[in-house]
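# Tertiary structure, described
What follows is each chain in one-letter form.
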Amino acid sequence: MKNMTSKKRKANLNCIRPTHTYTMRELANTLDIALSTVQRWKRLGMPVIPETNPVLIDGAEAKQWEKARRLARKRPCAPNQFYCFGAQCRTQRQAAIGSVIIRKSNSNLGSIEGICPICDSNLRKGFAMKDVFEVEATFEAYIGNVLDLLRYRTPP
Ligand SMILES: [Zn+2]
């Protein structure tokens, strides 16, 4: 039986059946959480099955994604680290030397991308453009191509 506080508790991921696909509402009901929470997860990058309408979610992928996200939150990354979502890693990693690209997304936000030296997964995290010089200093040793470094400084 549901109680009044159930929507505030952390979802029990063991309720997700890995072999099942879910609509967003079904996933919310399965986990006994608000639909808006599932919608937020989707905005934060929870994998969905491409070109499905209504959107369908693979149970195994959703479970893995939320597990990794909880872990990442528990163990925050150092400035020069990324959280690697690669199956063998699922931990903080520094990018391979020479693999890092800094991109300007818009006037406020940029992204840092690299490759995991352990599992070859793509690493990515965002940053605020106001911190770009700090980011540049932090990742100087990891950046492969100086042109990539300069690109974000050039107005689009
Ligand atoms: Zn990795």
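Each remark here, short or long, concerns the structure printed above.
Model, not experiment: these values are computed from the prediction.

### Considerations on the sheet that holds strand β5 (residues 101-104)
Strand order in the open sheet formed by three strands is β5-β6-β7, and the pairing between neighbours is antiparallel. Two strands in the sheet have a free side with no partner beyond their single neighbour: β5 and β7 (122-128). Ignoring which end each strand starts from, the neighbouring axes of this sheet average 20 degrees apart. Bridging between β5 and strand β6 (residues 109-115) involves four bridges; their strand directions are antiparallel.

### Considering the environment of I118
Within the secondary structure layout, I118 lies in the loop between β6 and β7. The exposure class of I118 is partly exposed, given the 14 C-beta atoms found within 10 Å. Separated by 25 residues in the primary sequence, I118 and R93 have C-alpha atoms spaced 8.4 Å apart. Leave out the neighbours within four places in its chain, and I118 touches Q88, C89 and R93.

### Remarks on the environment of R103
For R103, the location among the structural elements is in strand β5. C-beta crowding within 10 Å serves as the criterion here: with 14 such atoms nearby, R103 is assigned to the partly exposed category. For the pair R103 and M129, spaced 26 residues apart in the sequence, the C-alpha separation amounts to 9.8 Å.

### Here's the deal with unusual backbone geometry
Here the residue pair N53 and P54 is connected by a cis peptide bond, since its omega of 0 degrees sits within 30 degrees of zero. Inspection of the secondary structure assignment puts P54 in the loop between α2 (35-43) and β2 (56-58). The phi torsion at R90 lies on the positive side, around 50 degrees, for a residue other than glycine. Its location among the elements puts R90 in the loop between β3 (81-84) and β4 (91-94). Using a count of 17 C-beta atoms within 10 Å as the deciding quantity, one classes R90 as partly exposed. Of note, the phi angle at D120 is positive, near 70 degrees, even though the residue is not glycine.

### Focus: the packing of helix α1 (residues 24-31) against α2
Packing of α1 against α2 brings their axes to within 8 Å, and their N-to-C directions diverge by 120 degrees. Taken together, the axes of α1 and α2 are oblique relative to one another. Crossing of α1 over α2 shows right-handed handedness. In this structure, α1 uses M24, R25, L27 and A28 to contact α2, whose residues at the interface are L35, T37, V38, Q39 and K42. Broken down by class, the residue content of the contact of α1 with α2 amounts to five nonpolar, two polar and two charged.

What counts, and where the lines are drawn
- Residues numbered from 1 in each chain as written.
- Predicted model: local features only at pLDDT ≥ 70, side-chain atom pairs only at ≥ 80, totals over all residues.
- Pairing = 2+ DSSP bridges.
- Helix = DSSP H or I, 4+ residues; strand = E, 2+ residues; numbered from the N terminus.
- Axes fitted to C-alpha atoms, helices over the stretch in contact; angles between N-to-C directions.
- Buried ≥ 20, exposed ≤ 12 C-beta atoms within 10 Å, placed from the backbone.
- Contact = placed C-beta atoms within 7 Å.
- Parallel < 35°, antiparallel > 145°, perpendicular 65-115°, else oblique.
- Left-handed = near helix turned anticlockwise from the far one by under 90°.
- Nonpolar A, V, L, I, M, F, W, Y, C, P; charged D, E, K, R; others polar.

By themselves, these figures tell us nothing about what the structure is for.
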